[in-house]
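# Examining the three-dimensional arrangement
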Amino acid sequence: MSILVGRDTRLVVQGITGREGEFHTRASIAYGTRVVAGTRPGKGGQMAIDGTVPIFDTVAEAVKQAGANTSVIYIPAAGAPDAILEAVDAGIATVICITEGIPALDMIPVVEAVRRAGAKLIGPNCPGVTSPGRAKVGIIPSSIHKPGRVGVVSRSGTLTYEAVQAMTDAGLGQSSCVGIGGDPIIGTTFLDVLKLFRDDPETDAIVMIGEIGGSAEEEAAAFAAEHLRGVPMAAFIAGRTAPPGRRMGHAGAIISGGSGTAAEKIAALEAAGVRVADSPTQLPRLLLEAGYRA
Amino acid sequence: MKIQEADAKSLLLAQGLPVPPWEVARNPDEVKAAAQRFFASGASRVVVKAQVLVGGRGKAGGVKLASTPDEARDVGERILGMDIKGITVRKVLVGAAAEIVKEYYLGAIIDRASRRIVLMASAEGGVEIEEVARQNPSAIHRASADPELGLLAFQARSLGLAVGLRDPLLNQFVAIAQGLFATMTANDADLVEVNPLAIVAETAADGKPAQRLVCLDAKITLDDSGLARHAGLEALRDLDEEDPTDAQARKLGINFIHLDGTIGCMVNGAGLAMTTMDLVKHFGGEPANFLDVGGGARRETVCGAMELILADPKVKTILVNIFGGITRGDEVAAGLIEARAEQSREVPMVVRIVGTNAAEAARLLQEARFETATSLDEAAEKAVALAKGGAR
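Description of the structure in this document. Values in this document were obtained by computation on a predicted structure and should not be read as measured data. Numbering of residues begins from 1 in every chain and follows the order in which that chain's sequence is written. All chains are assigned letters beginning with A, and all ligands numbers beginning with 1, in the order in which they are written. Residue-level local features of this predicted model are given only where pLDDT is at least 70; pairs of side-chain atoms are given and counted only at 80 or more, and the full residue set underlies all totals for whole chains, interfaces and linings.

Numbering of helices and strands starts at the N terminus; helices are DSSP runs of H or I of at least 4 residues and strands are runs of E of at least 2. Along its length, chain A carries nine helices and 14 strands. Throughout, the radius of gyration refers to the C-alpha atoms, and the reference size of a globule is 2.2 Å times the residue count to the power 0.38. Over its C-alpha trace chain A gives a radius of gyration of 18 Å, about what one expects of a compact globule, namely 19 Å for 294 residues. C-alpha extents for chain A along the principal axes are approximately 55 × 40 × 30 Å. Each residue is classified by how many other C-beta atoms fall within 10 Å of its C-beta atom, where C-beta atoms are placed from the backbone; a count of 20 or more means buried, 12 or fewer means exposed, and values in between mean partly exposed. When each of the 294 residues of chain A is scored for burial, the buried share is 61%. With C-beta atoms placed from the backbone, a contact is any residue pair whose C-beta atoms sit within 7 Å. Taking the intrachain contacts of chain A between residues at least 6 apart in sequence as the baseline, contacts between residues at least 24 apart amount to 71%.

Next comes the structure, spelled out in C-alpha cells:
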C-alpha cells in the first residue's frame, strides 16, 4: 500500500494541453502512473500525449467514461479554485493542485466545500505526491525515489527533493512522498498526512520537512507525541535564520508577531520525541538512530 | 504587501467605516498648513504621525501632539527625516487629536489552523496585540467567520458584548466589525487591524456631549496573490520604503530579500533557499540574501539574479544551489557562465547543481573552471571557507 496515490490511482489531468500539464503528464506516464483522461473545455473528443490520453470537456465525463478517481490540476491561479470544485463535484476523491499564486481568500470556501464533500485536496502550491514504484502525480522528479517504507511529508518543493535524495542515497526507500504546499490555506495539513501514514501498513517511519510560519508543525508534534511514540521520526525545519516579518518566498513562510519561528517548531518536535536535523542530509542518520531499519 | 496608515484608512472609509479626517504632509510647511485647517474647523489639538511600514513608531517618538499650527510645524520638522528602525520618515499624517474615552483592539486575520477569517477583539486597545496575547490571552475574544456567509451580525454582537460594549455603541461596533470583514474581502487583505478602535467624546449637532466609536489607526496587509485583480492597489506600494533591489527582483520574477551577511545565495525553491541560508550560518558564515530564482529559471533570470547579488558590495562569495526538477541544470550553468563573463567584479563562487540535466551542467561548469560541490553541506562549507579566506 501507500497513501493518496498508488496502483489504484486512475488520474485525470485538468489542464492537460498546457505546457506544464503536458510535460508533467508525460513524466507521470513514464513512471507508470495510470493517466486515464485529461480535460480541456472545448477540446472534448480529441486526444492528448501523442494520441494516448482522451480529452474530455468536463471532469464529470472523465469520471463517467474513463473511471477517473484522482485529479491533478495544472491550471493558472485564476481558474484553479473552480477546477478544484469541479473535480470534487464530479466525485473525485483526491484532488492534487499544483497551481501557485491562488489568493488565500479564494481557498477558504473551496477547502470548506472539499471537506463537506468528504474529498481530499492536496495543495495548492505543492509539488504533488509520489508513491515510489507505483505512481507519481505532480512535478517531483522521478529519479530521486526508491521504493521503501519511509513516509515523507513536506511544505516545500525542492527541499523535499533534497531530503528524498538524501534518503535514497542512504538506501532508505519511501512509501509515499507528499508535498502539502507552502500557502497559508491548504487542503491537507501535516496532521492529516501523519494520520494517513500511521494507518498505512507499509509505512514504518516518517520524515517531516517544515518551515517557518503558522503552527502546523506544532500541531503535528502534539499528534506525534500522543499517537506516534513508537514510530521512528525525523524532521527538518527551514528558516532558522529567516528575518521576522518578511515573507520567505512561500506565501505562508513568515514569522509574524514573534510566532511561527523555527526555534518554537524545533522545540515542539523535540519535546514530542522527534529528532530534528541541522541539515536535510542528516535525516537518514537520525532515522537510524531512532531505531528504523530498512 | 504592507500599505501605509493613510492608505489603509482610505480602504476602511470606502467600506463606510467611521474614520476621522486626515491629511498627508511631506514637509514642515505642509504640516503647518494642514494643522491650520484642522484648527479652523474646531480642533483644539492636532496629532502628527510618522507614516512608516514598521511597528513601534509611537515608542520611537514618531507620534506627537501640537496645540498651535507653529508647534505642529516644529513637531513635523522633528518627525520628518527621523529614522525609525532603519526607515527614514518621508511623510506624516496630520489630523485633529481625538478626545479618547476608551481604547479597544479590533482585527481580522486569516487563521490557518481553522482555515477561516477570524475577527479578534480586546478591551485592551492601544497596545500591541501580540503583547496582550502574551500577558493576558483571555482578554482577546475571537469570532470565526462563516466560509460562505461571512461574519454574521450575531457573531459581531457577541464580540462587542465580550469587550463590554452596550447600546448605542454596541450597534456601532457590529457595523465596524462587519465593515472590517468587508474591507478584507474587498481587497484580498490578509490582515486588517484597527488599534485603537476608540470611544471618543464629541459634541453632537444639538450641542450636547456625545460618544461614538471611531477608527483612530489602521493597518492593512494585502495578499500579493490578489493584487493583480484589484485595480489601484498596486499603486499603494510605497516604493520609498523598499530596498532598491526589490523592484528589480519583482521585474525578474524572483524572490529576493536583502540581508546583512557576506555570502550571496542563489537557489531554486523557497524552502531550499531558506535551508541554504541556514546551512551557511550553521557552518559559521552569514548569508547576504534570500534568493529563490523560482521554478524553470532560464539564462536571463540567472544573469539578472547574479547582478542583484553583486550589487551588494558586502558580498564576498556566491553560493549557487540548484536542485533541478522543472529547472534544468544545464540552463542554469549556461546562465552562470554568461553572467560571469559580464559581471562587474570578480567574486569567488561555489556551484552545486543536481537533479534534471545535472551531468550536462557538470560538464559545462568543469570546462569553465567553476568551483563545484556535490552535497548541500559541502557547498555551504566551501562557500563559508572562501568568504573567510577573502577576509584575510
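Moving on, we come to the sheet that holds strand β11 (residues 174-179) of chain A. Residue and element names in this part refer to chain A. In space, the seven strands of this open sheet follow the order β9-β8-β11-β10-β12-β13-β14, with mixed pairing throughout. In this open sheet, the two strands that pair with only one neighbour each are β9 (135-138) and β14 (275-276). Two strands pair if DSSP finds at least two bridges between them. Across six bridges, strand β10 (residues 147-154) lies against β11 in parallel orientation. If you follow Gly-151 over to β11, its bridge partner there is Ser-176.

Tallying the contact residues gives 42 residues for chain B and 46 residues for chain A. Where the side of chain B that touches chain A is concerned, the elements lending two or more residues are β8 (116-122), β13 (255-258), α8 (270-282), β15 (289-292) and α12 (376-391) of chain B. Among the elements that take part in the side of chain B that touches chain A, α8(B) stands out by supplying 11 residues, more than any other. Gly counts as polar in this scheme, as do all residues outside two lists: the nonpolar Ala, Val, Leu, Ile, Met, Phe, Trp, Tyr, Cys and Pro, and the charged Asp, Glu, Lys and Arg. A per-class count over the side of chain B that touches chain A returns 17 nonpolar, 13 polar and 12 charged.

All names here are of chain A. Pairing in this open sheet of seven strands is mixed, and the strands run β3-β4-β2-β1-β5-β6-β7 from one edge to the other. Lying at the two open borders of the sheet, with one neighbouring strand each, are β3 (47-48) and β7 (120-122). Where β3 and strand β4 (residues 53-56) come together, two bridges link them in antiparallel fashion. Considered in β4, the bridge of Met-47 is made with Pro-54. Helix axes are fitted to C-alpha atoms over the stretch in contact, other axes to C-alpha atoms as well, and angles between N-to-C directions run from 0 to 180 degrees. The sheet strands contacting helix α2 (residues 59-66) are β1 (11-14), β2 (35-39), β4 and β5 (70-73), and the helix crosses β2 at an angle near 155°.

Shape descriptors only; they carry no functional weight alone.
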